[in-house]
Each structure stands twice: as structure tokens, then as C-alpha cells.
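# Structure assessment
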Amino acid sequence: VADEGAQEYRIYAYLTAGMALTRTGQYAGADRYLKRAATDARSIFGAHSREAGKIEIALAALNRARGHLPEALTAANRALSAVLPGFRPRRPEENPAATLFYEENSIFEALEEKAVVAEALYRQKGELMWLTMALECHDLAWQAEALLRQVYQYRSSKLELQQTSRTREEAAMNIARTLFEKTGQAIYREKAFALAERSKAALLLEALQDNLIRQRLAGSDTRFSQITALQQSAAYFERQLLLHPGSVQAPQWRSENDAIRGQIAALERAIYQAYPTLAGAGAPGDIFLNTFKITEGEILTEYFVSRNWLDVFVLSGSVVIAWHRVPNDADLQSLSSRFLTFFENAGAIIADPAGYLETAYALWQKIIPAETASAQRLTIVPDGFLNFIPFEALVTALPEGAPSLRTAAYLIRRQEIRYAWSLATLRQQEALISKAPKFLLGVAPLFEGGERGLAPLAAGKAEWQTLPAGKIQTLLGPLADTAHFITAAGQYRILHLSTHARADLRENRPPLIELYDAALLLPDIYALPLQADLVILSACQTGLGVEQKGEGVMSLARAFAQGGAACILSSLWSVNDRSTVRLFQDFYHETAEGQPVAAALRRAKLNYIDDKSIAATGQSPYFWAGMVAVGSNREINMPHGFAWGIFGWLGLVVSVIVGLAYFMARRRR
């Protein structure tokens with residue numbers, strides 16, 4: 001074929017045919033087509049090209065399927081050499097240095113294939129060196145993939161990359177487990193914990209890192225305000241695409257959004273070049289255990305859910321002290337599903353208190369490791385189906401007599417509980433220091449006239465009434481609209497939204513939170529330049545959303561974290577107005593006494609459970625367990641202006657009194 005374009009098409013056709021024949025077990029034909037593709041690729045693209053690399057990856061997969069493992073290993077190395085000209089292995093088990101990597105998916109695809117071949121060699125030969133090499137390949141693949149993620153402009157592309165990498169991390173986790181069991185070396189336990197960490201919330205971590213840089217440098221570089229304005233413009237087009245995907249204007253919206261995202265990416269690259277010491281602040285590939293210690297009296301429990309296993313890690317101080325494996329089998333799935341059905345409506349637990357307590361106790365035994373028993377505080381990093389479990393409502397012992405929801409041994413009685421998306425995101429949220437000049441903004445649309453068909457929420461404005469009026473500002477009724485909220489949100493240390501929300505998982509509709517005139521969607525919230533120590537989402541299902549494998553639940557709570565909030569209180573199901581008002585009034589009383597967020601929320605819940613004026617039926621976990629704290633556990637201090645308002649004037653009065661007393665004493669003398 002004389003035409004070079006036609007030759008290229010033929011190469012791709014040979015490659016596609018070879019891969020298809022490999023998958024159907026027609027190895028001879030696959031070998032023939034792939035070798036033709038390799039020969040033509042060398043003449044058209046040269047020995048070092050991504051096309052040559054992809055063909056060699058396909059040849060490695062073919063030889064592995066045929067059981068020709070040494071040939072498969074050699075082909076995987078040829079694939080790496082094709083895209084990394086500096087890689088010239090002297091031994092088949094040698095791997096390239098990460099310094100050779102650049103933004104190319106063939107690099108991590110070749111490393112993934114080499115890892116699979118190495119694992120097969122271990123099963124054939126029984127030598128641990130092959131497993132060690134496979135684990136190293138998975139690590140290098142993750143590093144290569146991280147480079148590619150940095151050049152992606154769109155959240156959807158990054159999510160897709162994160163989902164595909166999760167399968168690789170599950171394979172790496174199994175390899176680490178085998179090495180740990182065979183050698184007993186703690187290094188593999190720590191490696192497995194790092195795998196669990198880096199497979200979670202990578203997009204959120206990037207956003208938190210950006211927030212941290214913005215917070216530290218805001219006011220000193222105008223490019224940050226330019227990015228905020230562009231993000232809000234992009235949010236408009238993304239919102240339109242979510243609400244009207246079939247509109248005739250959709251292509252134009254996508255084009256406008258693409259152009260804006262390109263401008264944002266260019267500004268972010270320039271900022272990272274200008275401030276290189278801050279650019280890597282949140283990279284999840286570092287060793288967290290050396291840079292972030294769990295506080296005294298606290299235990300962190302992190303989960304990693306794969307197809308066959310639930311891996312449970314226990315971190316104390318800076319040491320991973322335990323790694324348990326629980327079969328992710330039909331029994332565990334049935335047990336967790338049965339537990340969650342008790343929270344589908346207000347009457348389910350009341351109708352069968354004994355069944356609830358037995359289920360909650362059985363699940364506690366399954367998923368809470370014994371090493372956490374002595375901890376005063378328990379930080380939970382959930383994964384998969386565990387994202388929807390209210391851990392504080394688990395039961396640590398069954399009653400000896402008749403079942404009682406008032407006196408049950410809930411986990412919250414034993415320990416203070418908070419949640420995190422990952423240890424890395426928690427570290428970033430802990431580092432956020434609010435510079436907001438104002439204290440609390442209460443937002444309650446009320447919907448007294450049933451605006452937009454929404455039910456009235458007259459009780460919402462009562463949730464913050466235990467705070468002195470001078471410490472809060474409010475947006476009530478018609479003032480609780482999108483324009484006022486977006487303008488004001490970045491000025492407050494606490495945002496308290498009492499409204500309607502939706503996260504309909506069954507219909508797969510986008511999560512939203514209602515304001516008076518319109519709903520905020522995830523893109524709107526992502527674009528908020530928040531300075532909040534705490535965001536309270538007193539609405540239904542604000543902690544729920546669609547789970548994206550490898551990233552987590554795309555919830556409203558997560559969106560506010562991405563917008564810059566250090567901690568979020570959100571709900572796991574439809575909240576009850578009266579019990580929620582009572583909880584938050586107690587919560588604010590406790591925070592005013594100096595309690596950190598998680599401790600204040602725990603005390604408010606325990607006060608509710610132990611309040612004998614509440615009927616026993618009203619003390620069902622359905623009414624108090626749904627609101628959870630995610631992120632930094634800090635005291636919410638008032639801005640300096642408030643402190644001067646109280647103590648400054650008091651000091652002035654004392655000074656005047658002392659001065660007058662001194663003056664009178666002088667006159668008497």
C-alpha cells in the first residue's frame with residue numbers, strides 16, 4: 001500500500017483483529033496479525049512510538065494467554081522501551097525509573113501488563129521476587145497515571161481514569177496481602193494502607209490543594225480571583241448541560257465550557273509554576289504516616305472495598321497497627337442491606353427494635369476491629385457501601401432483658417465519631433485556616449408560600465437560635481436566593497443551610513440543594529470560594545449521591561468540601577424537622593462552650609438520647625444518627641471583631657474604673 005494513511009489504518013486494523021482473536025482464544029491468528037502490525041509500525045512510526053508500544057502490550061497479553069510467560073515479560077519490556085527510549089533493561093525483571101515518565105497512557109498500560117505477567121510467574125514458580133516486582137510495577141503505573149491526570153482539564157475524564165485505576169489498585173492490594181502473609185513484614189501493611197489511600201478522592205484532594213494555595217495567597221495574586229470568576233462561568237454551562245442535556249444549545253454550551261476550562265487550566269499551570277513549593281502540597285503518593293499523626297486517644301479506621309474482600313486498616317499515632325480482611329460475601333452484603341432498611345422510614349426501627357439491635361450488633365462485630373475499643377475518638381474513612389452506614393448507630397452489646405432504644409449500647413456512647421474522605425483530604429482540611437471576617441450565616445428559604453412546589457420549612461430558622469443574635473446574620477425567605485447566597489458565602493466561618501435537598505439514587509438525578517429561587521447543583525457549589533470552618537447542611541440526603549468507583553460518593557457534602565469547607569455536617573437520610581432543631585440547638589450550645597465539632601455533635605446526640613421528656617419511640621436512631629461530621633474536628637472560634645466587641649469593651653470599662661479609683665485616691669492624699 002503506497003498511501004501512508006492507508007498503511008496506518010491497516011496497522012490499527014491488524015492490532016484490533018489481533019486483540020479480538022486473543023480474547024476469543026484464536027492465538028495463531030492473533031499472533032499473525034500482531035506481528036504484521038509490529039513490522040509495519042516500525043517502518044511507519046519508528047521503533048519508539050506509542051503505536052509500537054500498544055502493539056507490544058497486545059503481544060504481551062497474547063503470550064500470557066498462551067502460557068508463554070517469559071515471552072510475555074519480554075514483550076512488556078519492549079512496550080516500555082518503545083515509549084521510554086531511555087529504558088534499556090539488562091534483566092527482564094528490571095523496571096524503568098519514574099524520572100523517564102511523561103503524559104502517556106501506554107506507559108501505565110505496559111506496566112500493568114508487566115505486573116499481571118509477574119504475578120502469573122509467581123503462581124508458576126512460587127518465588128516472591130515476582131510478587132515484589134509486580135507490586136513495584138503497580139506503583140510505577142500509578143505514578144505514570146498521576147502525570148496524565150494533571151493534564152486532563154475535565155472532571156469527567158479524571159473520574160474515568162480514577163475508575164479504571166481502581167481495578168489495578170485492587171490487584172495491587174491482593175499482592176500486598178500475599179507478601180504480608182508470607183513475610184510478616186510491616187512494610188507491606190503500610191504499602192497496602194497507601195494503596196487504600198491513593199485510590200480514594202483524588203479529584204477532591206486536588207481541589208483541596210487548590211483551595212489551600214488560594215487561601216494562603218489570596219489577595220496577593222489577581223489570578224486567583226480570575227479563576228474564581230471563570231469557575232462560576234463554567235458552572236453555568238455545566239448546570240445547563242445537567243438540566244437540559246438534549247437541548248439544541250448543548251453543543252454551544254459544551255464549546256463555551258471547553259474554552260473556559262482551557263483558560264482555567266492555563267492560569268492554574270502558571271500559578272503552580274510561580275509557587276512550586278505549594279504545588280505538591282497534597283500529593284497522595286507521599287508517606288502520610290511521616291507527616292500526619294492521629295492525635296492521642298484517637299484511632300483511624302480506613303476501609304477498602306473490593307469485589308471479594310473488605311480490607312480494614314487501623315491507624316494509631318503514625319503507625320498502621322492492624323490490617324484485617326473480611327470476606328465481602330453474600331452474608332456481609334445481606335447484613336449491611338438489612339441494617340440500612342431500618343433507616344428507610346421513621347417507623348422501621350420502632351416496629352422491630354429487637355431486630356434492629358441484633359442487626360446493628362452483628363454489623364458492628366463484622367466491620368469494627370477490636371483494636372479500636374480503647375479509643376476515645378474514632379475517625380472513619382469509609383469506602384463503597386460503607387459510605388452509607390451511620391457508624392454511631394451500631395450497637396456494641398445486646399441487652400440482657402427487653403430491647404430498649406433508650407438504653408441501647410450504641411457505639412456513640414463509647415466513642416466520639418467523625419468521618420473523612422481519606423487521610424490525605426483530612427490533612428488538607430486540617431490545614432485550611434479561615435480568614436472570613438464574619439461568624440455565621442443562617443440560610444432558610446422557608447418556602448412559606450409553597451414556592452416552586454416545595455413544602456414549607458418554618459422550623460428551619462430555629463436551628464441556630466441558641467446563639468446570641470449579634471453573632472449571626474440570616475438570609476430568610478426571598479432573601480435566601482442564589483444571588484445573595486453566592487455573594488455572601490465566602491465571608492462566613494459557619495454556613496448553616498436549613499432547606500430541602502435531593503440525592504435520588506434510584507433515578508440517578510443530580511444532587512441539588514434548594515434556595516428560594518432555584519436549586520444549587522454540584523457545579524454551582526464547586527465554584528464557591530468558601531472560607532468556612534464549618535458548613536451545616538440541614539436538609540435531606542446531603543451526604544448521599546452517586547458513588548463513583550475509586551473516587552467516592554459525589555454528594556452535596558463533598559461538593560462543599562471541594563468549595564473550601566474544612567468540615568461539613570450532612571445527612572444520610574431524610575431528616576426530621578423537630579429532632580433536627582433540638583440537635584442543632586444543643587450542638588451550638590456545646591460549640592459555644594468550646595467543644596470541637598465532633599465532640600459537640602456527640603454531646604448533642606447523647607443529650608437527645610438521654611432526654612426522658614422525649615418518648616422512647618422518638619429516641620430511635622432514625623431521629624438522631626443521620627447527621628454526621630466529615631472533615632476537620634476543630635473549635636469554631638469567633639473572628640477577632642466579636643472578641644473585641646465583648647472583651648474589648650469590658651477591658652475599657654475596667655480600665656476606666658481603675659483610673660477613677662486611682663484619681664480619687666490621689667485626691668484624698
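Rules and cut-offs
- Residues numbered from 1 in each chain as written.
- Predicted model: local features only at pLDDT ≥ 70, side-chain atom pairs only at ≥ 80, totals over all residues.
- Heavy atoms only, no water.
- Helix = DSSP H or I, 4+ residues; strand = E, 2+ residues; numbered from the N terminus.
- Buried < 20%, exposed > 50% of the residue type's maximum accessible area, 1.4 Å probe, protein only.
- Contact = heavy atoms within 4.5 Å.
- Phe/Tyr/Trp six-rings, centres within 6.5 Å; stacked < 30°, edge-to-face > 60°.
- Lys NZ or Arg CZ within 6 Å of the ring centre and 35° of its normal.
- pLDDT = per-residue confidence, 0-100.
- Pairing = 2+ DSSP bridges.
- Axes fitted to C-alpha atoms, helices over the stretch in contact; angles between N-to-C directions.
- Parallel < 35°, antiparallel > 145°, perpendicular 65-115°, else oblique.
- Left-handed = near helix turned anticlockwise from the far one by under 90°.
- Nonpolar A, V, L, I, M, F, W, Y, C, P; charged D, E, K, R; others polar.
- Salt bridge = Lys/Arg side-chain N within 4 Å of Asp/Glu carboxyl O.
- Core = buried A, V, L, I, M, F, W, Y, C linked by side-chain atoms within 4.5 Å.
- Expected span 1.5 Å × (residues − 1).

## Structural notes on the overall build of the protein chain
In terms of regular secondary structure, the protein chain is built from 24 helices and 16 strands. Classification of the 669 residues of the protein chain by burial places 54% in the buried group. Partitioning the intrachain contacts of the protein chain with sequence separation of at least 6 by distance along the chain shows that 74% fall at a separation of at least 24.

## A word on the packing of aromatic side chains
We describe a pair of aromatic rings using the distance from one ring centre to the other and the angle between the two ring planes. The tally for this structure, following the rule as stated, stands at 19 aromatic pairs. Clustering of aromatic rings is evident, with ring pairs tying together Phe-339, Phe-342, Phe-343, Tyr-356, Trp-573, Tyr-622 and Phe-623. The ring of Tyr-33 has Arg-32 lying over it, and the distance from NZ or CZ to the ring centre is 5.9 Å. Stacked on the ring of Trp-323, the Lys or Arg Arg-177 has its end atom at 4.7 Å from the ring centre.

## Considering the confidence of the model for the protein chain
Of the residues in the protein chain, 89% reach a pLDDT of 70 or more, and the chain-wide mean stands at 86. Ignoring residues within four places in sequence, the model shows residues 281–289, a span with pLDDT below 50, making 24 contacts including any to other chains. Contacts for the low-pLDDT stretch residues 641–663, under 50 throughout, to residues beyond four places or in other chains number five contacts.

## Re the pairing of strand β8 (residues 492–498)
Most of β8 sits inside the fold, with seven of its seven residues counted as buried. Relative to β8, strand β6 (residues 438–444) runs parallel, the two being bridged by five bridges. Each bridged residue has a counterpart across the sheet, and for Val-443 the counterpart in β8 is Leu-497.

## Some points on the packing of helix α9 (residues 202–217) against helix α17 (residues 423–431)
Across the interface, α9 lies against α17 with an axial gap of 9 Å and an inter-helix angle of 20 degrees. Comparing the axis directions of α9 and α17 gives the class roughly parallel. Handedness of the α9/α17 crossing: left-handed. Packed against α9, whose contacting residues are Leu-204, Leu-205, Leu-208, Gln-209, Leu-212 and Gln-215, the element α17 presents Ala-424, Thr-425, Gln-428, Gln-429 and Ala-431 at the interface. Class assignment of the residues belonging to the contact of α9 with α17 gives a composition of six nonpolar, five polar and no charged.

## What to know about the side chain of Thr-580
Its location among the elements puts Thr-580 in helix α21 (residues 577–592). Note on Thr-580: relative accessible area 6%, which makes it buried.

## Quick word on the pairing of strand β1 (residues 298–305)
In terms of burial, β1 is largely enclosed, as eight of its eight residues are buried. Going residue by residue along β1, you find Glu-298, Leu-300, Glu-302 and Phe-304 tucked away on one face and Ile-299, Thr-301, Tyr-303 and Val-305 tucked away on the opposite face as well. Where β1 meets strand β4 (residues 377–381), five bridges bridge the pair, whose relative direction is parallel. In the sheet register, Glu-302 faces β4, and the bridge partner there is Val-381. In terms of strand pairing, β1 meets strand β2 (residues 309–316) through seven bridges, oriented antiparallel. Directly across from Phe-304, in β2, lies its bridge partner Asp-311.

## As for the pattern of salt bridges
What the rule picks out here adds up to 29 salt bridges. Lys-54 serves as the salt-bridge partner of Glu-109, at 2.9 Å between the closest nitrogen and oxygen. Here Lys-54 lies in helix α3 (residues 50–66) and Glu-109 lies in helix α5 (residues 105–125), a separation of 55 residues in the sequence. Its relative accessible area of 27% is what places Glu-109 among the partly exposed residues. Since its relative accessible area comes to 23%, Lys-54 is described here as partly exposed.

## Points about the nonpolar core
Core analysis: the biggest nonpolar cluster contains 112 residues, and Tyr-356, Ile-367, Phe-391, Phe-485, Leu-569 and Phe-587 have the highest contact counts within it. If we skip the residues at most four places from it in the chain, Phe-391 touches Tyr-303, Ile-367, Ile-368, Ile-380, Leu-386, Leu-411, Ile-417 and Tyr-419. Grouped together as the second largest cluster of nonpolar side chains are 36 residues, Ala-72, Leu-179, Leu-195 and Phe-304 included.

## Some remarks on α9
The end-to-end C-alpha distance of α9, which contains 16 residues, comes to 23 Å, matching closely the 22 Å that a straight helix rising 1.5 Å per residue would cover. Within α9, 13 of the 16 residues are buried, which leaves the element mostly enclosed by the surrounding structure.

## Brief notes about the sheet that holds strand β11 (residues 519–521)
What the three strands build is an open sheet, ordered β9-β10-β11; its pairing is antiparallel. Two strands bound the open sheet, and with one partner strand each, they are β9 (501–502) and β11. Sheet topology note: the β9/strand β10 (residues 512–514) ladder contains two bridges and is antiparallel. Bridge pairing in β10 links Ala-501 to Ile-513.

## Some details on the packing of α3 against helix α4 (residues 69–83)
Where α3 contacts α4, the axes come no closer than 8 Å and their chain directions differ by 170 degrees. In this view, α3 runs roughly antiparallel relative to α4, as classed from their interaxial angle. For the pair α3 and α4, contact is made by Arg-50, Ala-52, Gly-53, Glu-56, Ile-57, Leu-59, Ala-60, Asn-63 and Arg-64 and by Leu-69, Glu-71, Ala-72, Ala-75, Ala-76, Arg-78, Ala-79, Ala-82 and Val-83, respectively. Residues of the contact of α3 with α4, tallied by class, amount to 11 nonpolar, two polar and five charged.

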